[in-house]
Structures are given as C-alpha cells and as structure tokens.
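Chain residues, written in single-letter form:
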Amino acid sequence: MSRLPAVARTLPALRRALDALRTRRATIALVPTMGALHDGHLALVRQARRRASKVVVSIFVNPTQFAPHEDFGSYPRTWKADMEKLAAERADLVWNPGVDIMYPPNFATRILPEGPATANLEDRFRPHFFGGVATVVGKLFTQCRPDIAVFGQKDYQQLKVVTRMAADLDLGVKVIGVPTVRERDGLAMSSRNVYLSSDQRAVAPILHRTMKDAAKRLRNGDDLKTVMADGARTIEHAGFALDYFEARHAETLAPIPSITDGPIRLLVAAKIGTTRLIDNIGV
Ligand code: PAF
C-alpha cells in the first residue's frame, strides 16, 4: 500500500508542512476539494503532479457555499477512502481545517465576486454560492500560497470566477482548468451522483447526450434558438426540472446572439428528484 499523505489541520501545522515542501525550489500545486473524491478529482491531482513538484490537496466541506436548504449536513464525507486514493496518487499533503479554523468566531470578511459570478447562470439559482466559493478559495490560496491551482471544468462558472479572483487580487496563482471526467455513458462525475436512485441514474446521462446533440447541430449551422429550445424540451421530457440550458460565450459567459459570436460553451443545470446536476461542453 502507498504511504498516506501528511495531514495538516491547523494553520501552524500547515505552515510547517509547506515550509518542508518548499525546500530546493519546489513548485506547489493546490487542488481544492470538498472530499468524497472520485476519478474526476484524481484527474485534477494527476494534472497537479504533472505541473508541479509538490501536490497539496485541500479537503474542506465549505459551509458558506451552501444555502440553509442545501445538502451541507448530508454532503458525502469519505475521509478514509479519500486518503487511500490520495496515497495512490502520491499527493504530498492534505490540508483539512475544521470549520472553526477556516471561520473562527468573529469572522467578518468576505470576497464578493462580480463579472463571471453574476452571469445569471448558477448565481440565479444559488445566489450565496460564489461568495462562499470565492471567500474559501481566496483563503486557501493565501494559506497555501501555491504556484498553480487546479480546478475541474465541470464547474465551469466556478472555474471562471476563481480565475478572475486570482488575477484581480494579485494572488500570484496560475489557475488551470481540467476537462470533465465522465462515466462510460457520459454522465459527468460528481460527488453528488451518489444521491441518484437507479432509475434517476439511468436517466441522468441524457444531459450530456442532449448537449452533444445540440453542439453538433450548432456546428452544422442549425438555428441557435431552435437548437436550444429543442434541447430544453428533451431534458424536461426525460423528467428533469430544468434550471437552465444556455449557450454562452466560453470566456466571458455573456449570452450570445448567434453562433458566430462564439467560442460557445453550452451549460446546463437540472434537478432529477431532489438531486441537482450541472454540466457543460464546448461547441
Ligand atoms: O468545487 C468544489 O469542490 C468547491 O466548490 C471548492 C472549489 C473546493 C470550494 O469549496
């Protein structure tokens, strides 16, 4: 069995562990996660390994990005399995602060992202979300001071928000986006897929299939409005409650009037039962 990575749970322990890693001009990659690690996360760790000499993975289920009605309490927590997976990927250090370390009593400062965080996509349905993400990722960046940070493209708007924030706040971190890892039937890997019943799991890949069909039709020159309306209908007929299915500019996330205004990213969010899934692809 591979050696388990070192674990830091307090800021002084994190500083000591980082100082030990930083010797001999090492470069440090940070992979921020909320645990419940799957192959999508491991692809991030592998990318981090390729691009830096030391890999730090944070595992912190961040309460400030969950609304009171969301699944903070029941979010899957799989510490032992996570550590074994990270050992197999030869991660060097796991940063696992408690809520009291990340948000001590009297904590009163937040990062309020704009730009991509107000694109009227996820922010329309989860207004609290990007403030929570930007605040915790800003803290993770200042705590770990990585050279690069690796995020999945699955949370595409999140990737744009943290990239913007790192640049705007001069955090000196290069943010890398890694393509979404999918199950064989196309479903994007997500820690929340464990919530799906077997019937819902059978239906879930329709999101990816619909996006792929739409992308193909757009590439063939079909009318944008018609393609998006057809896709939305397919998703709803499959039993999803659709939050959005949108074609946006891949960089700015601005709405695009026609397919010549790209590069285009298709983004979807929909609920099946009580589980909300998001996904996106490039056209
Ligand atoms: O994508 C996630 O898992 C989380 O939003 C992140 C980036 C770790 C911040 O809590």
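Just above sits the structure.
On a predicted model such as this, the values are computed, not experimentally measured, just so you know.

### Section: the overall build of the protein
Turning to step 1, where the next piece is worked out: Broken down by element type, the protein carries ten helices and nine strands.
Turning to step 2, where the next piece is worked out: Scaling as 2.2 N^0.38, a compact globule of 283 residues should have a C-alpha radius of gyration of about 19 Å, and the protein matches this with 19 Å.
Turning to step 3, where the next piece is worked out: Over its C-alpha atoms, taken along the principal directions, the protein stretches across nearly 55 × 40 × 40 Å.
Turning to step 4, where the next piece is worked out: Counting the 283 residues in the protein, one finds 54% classified as buried.
Turning to step 5, where the next piece is worked out: Of all intrachain contacts in the protein linking residues separated by at least 6 positions in sequence, the fraction that spans at least 24 positions is 73%.

### Some points on unusual backbone geometry
Turning to step 1, where the next piece is worked out: The residue after G262, namely P263, is reached through a cis peptide bond having omega 10°.
Turning to step 2, where the next piece is worked out: Relative to the elements of secondary structure, P263 occurs in the loop between strand 7 (241-249) and strand 8 (264-272).
Turning to step 3, where the next piece is worked out: Notably, R25 is not glycine yet its phi reads approximately 55°, a positive angle.
Turning to step 4, where the next piece is worked out: Positionally, R25 belongs in the loop between helix 1 (11-21) and strand 2 (28-33).
Turning to step 5, where the next piece is worked out: On the accessibility criterion, R25 (81% relative accessible area) is exposed.
Turning to step 6, where the next piece is worked out: Despite not being glycine, D170 shows a phi value in the positive range, around 50°.
Turning to step 7, where the next piece is worked out: Given a relative accessible area of 69%, D170 falls into the exposed group.

### A short note on the packing of helix 6 (residues 129-144) against helix 7 (residues 156-168)
Helix packing geometry: the angle between the two helix axes and the distance between the axes.
Turning to step 1, where the next piece is worked out: Where helix 6 meets helix 7, the closest approach of the two axes is 10 Å, and the angle between their N-to-C directions is 50°. In terms of their interaxial angle, helix 6 and helix 7 are classed as oblique. The handedness of the crossing between helix 6 and helix 7 is right-handed. Contact residues: helix 6 offers F129, F130, V133, A134, V137, G138 and F141, while helix 7 offers Q157, Q158, V161, V162, M165 and A166.
Turning to step 2, where the next piece is worked out: Among the residues forming the contact of helix 6 with helix 7, the class breakdown is ten nonpolar, three polar and no charged.

### Regarding the packing of aromatic side chains
Turning to step 1, where the next piece is worked out: A complete count under the given rule lists seven aromatic pairs for this structure.
Turning to step 2, where the next piece is worked out: Aromatic side chains F60 and Y103 sit 6.2 Å apart centroid to centroid with 45° between the ring planes, which places their arrangement in the tilted category. Of this pair, F60 sits in the loop between strand 3 (54-59) and helix 3 (79-88) while Y103 sits in the loop between helix 4 (99-102) and helix 5 (122-125); the two residues are 43 residues apart in sequence, bridging distant segments of the chain.
Turning to step 3, where the next piece is worked out: Y103 sits in the buried class, given a relative accessible area of 12%.
Turning to step 4, where the next piece is worked out: Both rings, one in F66 and one in Y75, keep their centres 5.8 Å apart while their planes meet at 75°; by these two values the pair is edge-to-face.

### Considerations on the pattern of salt bridges
Side-chain pairs of opposite charge can arise whenever the charged atoms involved come near each other.
Turning to step 1, where the next piece is worked out: Tallying each qualifying case throughout the model produces 16 salt bridges.
Turning to step 2, where the next piece is worked out: A salt bridge links R164 to D168, with the nearest nitrogen and oxygen atoms 2.8 Å apart. Of this pair, R164 and D168 both sit in helix 7, four residues apart, which is roughly one turn of the helix.
Turning to step 3, where the next piece is worked out: Measuring nitrogen to oxygen at the nearest pair gives 2.8 Å for the salt bridge that ties R182 to D279. Here the residue R182 occupies a position in the loop between strand 6 (174-178) and helix 8 (198-203), and D279 occupies one in strand 9 (residues 275-282), the gap between them amounting to 97 residues.
Turning to step 4, where the next piece is worked out: Residue D279 is classed as buried on the basis of its relative accessible area, which comes to 5%.
Turning to step 5, where the next piece is worked out: Each member of the salt-bridge network shares a partner with another, and the members are R217, D222, D230 and R233.

### Let's talk about the sheet that holds strand 5 (residues 148-152)
Turning to step 1, where the next piece is worked out: Taken together, six strands build an open sheet; the order of strands is 1-4-3-2-5-6 and the sheet is parallel. Looking at the sheet topology across the chains shown, the edges are occupied by strand 1 (6-8) and strand 6. Adjacent strand axes in the sheet meet at a mean angle of 25° when their direction is disregarded.
Turning to step 2, where the next piece is worked out: Here five bridges tie strand 5 to strand 6, and the two strands are oriented parallel to one another. Paired with F151 across the bridge in strand 6 is G177.
Turning to step 3, where the next piece is worked out: Packed onto the sheet, helix 1 meets strand 1, strand 2, strand 3 and strand 4 (93-95) and runs at close to 155° relative to strand 4.
Turning to step 4, where the next piece is worked out: Relative to strand 3, helix 3 is tilted by about 170°, and along the sheet it contacts strand 1, strand 3 and strand 4.

### Description of the nonpolar core
Turning to step 1, where the next piece is worked out: Among the nonpolar cores identified, the biggest contains 32 residues, and V56, W95, V137, F141 and F151 are the most heavily contacted of them.
Turning to step 2, where the next piece is worked out: Of all elements in the fold, only helix 1, strand 2, strand 4, helix 6, strand 5 and helix 7 reach the threshold of two or more residues within this core.
Turning to step 3, where the next piece is worked out: Ranked by residues supplied to this core, first place goes to helix 6 with nine residues.
Turning to step 4, where the next piece is worked out: For V56, the residues in contact, after removing those within four places along its chain, are L18, L21, I28, A29, L30, V31, L93, W95 and C144.

Reading the values: the criteria
Residues numbered from 1 in each chain as written. Predicted model: local features only at pLDDT ≥ 70, side-chain atom pairs only at ≥ 80, totals over all residues. Heavy atoms only, no water. Helix = DSSP H or I, 4+ residues; strand = E, 2+ residues; numbered from the N terminus. Rg over C-alpha atoms; globule rule 2.2 N^0.38 Å. Buried < 20%, exposed > 50% of the residue type's maximum accessible area, 1.4 Å probe, protein only. Contact = heavy atoms within 4.5 Å. Axes fitted to C-alpha atoms, helices over the stretch in contact; angles between N-to-C directions. Parallel < 35°, antiparallel > 145°, perpendicular 65-115°, else oblique. Left-handed = near helix turned anticlockwise from the far one by under 90°. Nonpolar A, V, L, I, M, F, W, Y, C, P; charged D, E, K, R; others polar. Phe/Tyr/Trp six-rings, centres within 6.5 Å; stacked < 30°, edge-to-face > 60°. Salt bridge = Lys/Arg side-chain N within 4 Å of Asp/Glu carboxyl O. Pairing = 2+ DSSP bridges. Core = buried A, V, L, I, M, F, W, Y, C linked by side-chain atoms within 4.5 Å.

In short, shape yes, function no, at least from these values alone.
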